[in-house]
Amino acid sequence: GNVLETVTIPAYPVIADIKDHMMEHGAVMHDDGSGPTVFGLFDKEATAVEAYEAMKASGLAKQVYLTSIYNNARK
């Protein structure tokens with residue numbers, strides 16, 4: 001588990017709001033790192049695009065990016 005969440009989420013509750021928002025919009029997984037980044041993984045591109053637009057519209061995050069996994073053709 002991510003032990004840092006026990007420190008960062010109480011100090012910055014918006015992190016939990018962002019994670020919940022991504023799950024409500026189809027993320028199959030989400031995580032946050034030790035810095036200011038929270039990311040979600042989506043199994044369908046269309047779902048990711050819709051979640052991206054919803055996150056931008058929500059105002060929860062100052063910066064929102066939609067990317068793909070590098071070299072995801074390799075299995």
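For the structure given in this document, a descriptive report is provided here.

The rules behind these values
Residues numbered from 1 in each chain as written. Predicted model: local features only at pLDDT ≥ 70, side-chain atom pairs only at ≥ 80, totals over all residues. Heavy atoms only, no water. Patch = residues over 30% accessible without salt bridge, like charges linked within 9 Å, V, L, I, M, F, W, Y side chains within 5 Å. Areas by Shrake-Rupley, 256 points an atom, 1.4 Å probe, with all protein chains shown as cover. Salt bridge = Lys/Arg side-chain N within 4 Å of Asp/Glu carboxyl O. Helix = DSSP H or I, 4+ residues; strand = E, 2+ residues; numbered from the N terminus. Buried < 20%, exposed > 50% of the residue type's maximum accessible area, 1.4 Å probe, protein only. Arc of directions from axis to C-beta. Expected span 1.5 Å × (residues − 1). Contact = heavy atoms within 4.5 Å.

Comments concerning a nonpolar patch on the surface
On the surface, a cluster of nonpolar side chains totalling about 430 Å² of accessible area is made up of Val28, Met29, Phe39, Leu41 and Ile69. Within the secondary structure, Val28 sits in the loop between helix H2 (14-24) and strand S1 (29-32). On the basis of relative accessible area, Val28 is assigned to the exposed category, the value being 51%.

Focus on H2
Those residues of H2 that sit buried are Ile15, Ile18, Lys19, His21 and Met22. Angularly, the buried residues of H2 cover 160° about the axis, an arc narrow enough to put them on a single face. Following H2 by one or two positions, Gly26 has its phi on the positive side, about 100°.

Topic: helix H3 (residues 45-58)
Side chains of residues three or four places apart in an α-helix project in the same direction, reflecting 3.6 residues per turn. For H3, which comprises 14 residues, the first-to-last C-alpha distance of 20 Å matches the rise-based estimate of 20 Å (1.5 Å per residue) to within 8%. Of the positions making up H3, those classed as buried are Ala48, Ala51, Ala54 and Met55. Along the long axis of H3, the arc covered by the buried residues comes to 130°, so they all point the same way. When the buried face of H3 is taken as reference, the exposed residues oriented beyond 90 degrees from it are Glu45, Ala46, Glu50 and Ala57. Residues of H3 that are buried sit in contact with H2. At the C-terminal side of H3, Gly59 shows a positive phi close to 75°.

What to know about the environment of Phe39
Following the sequence through the fold, Phe39 ends up in strand S2 (residues 38-41). For the pair Phe39 and Lys19, spaced 20 residues apart in sequence, the C-alpha to C-alpha distance is 8.0 Å. Setting aside residues no more than four positions away along its own chain, Phe39 makes contact with Met22, Met29, His30 and Asp31.

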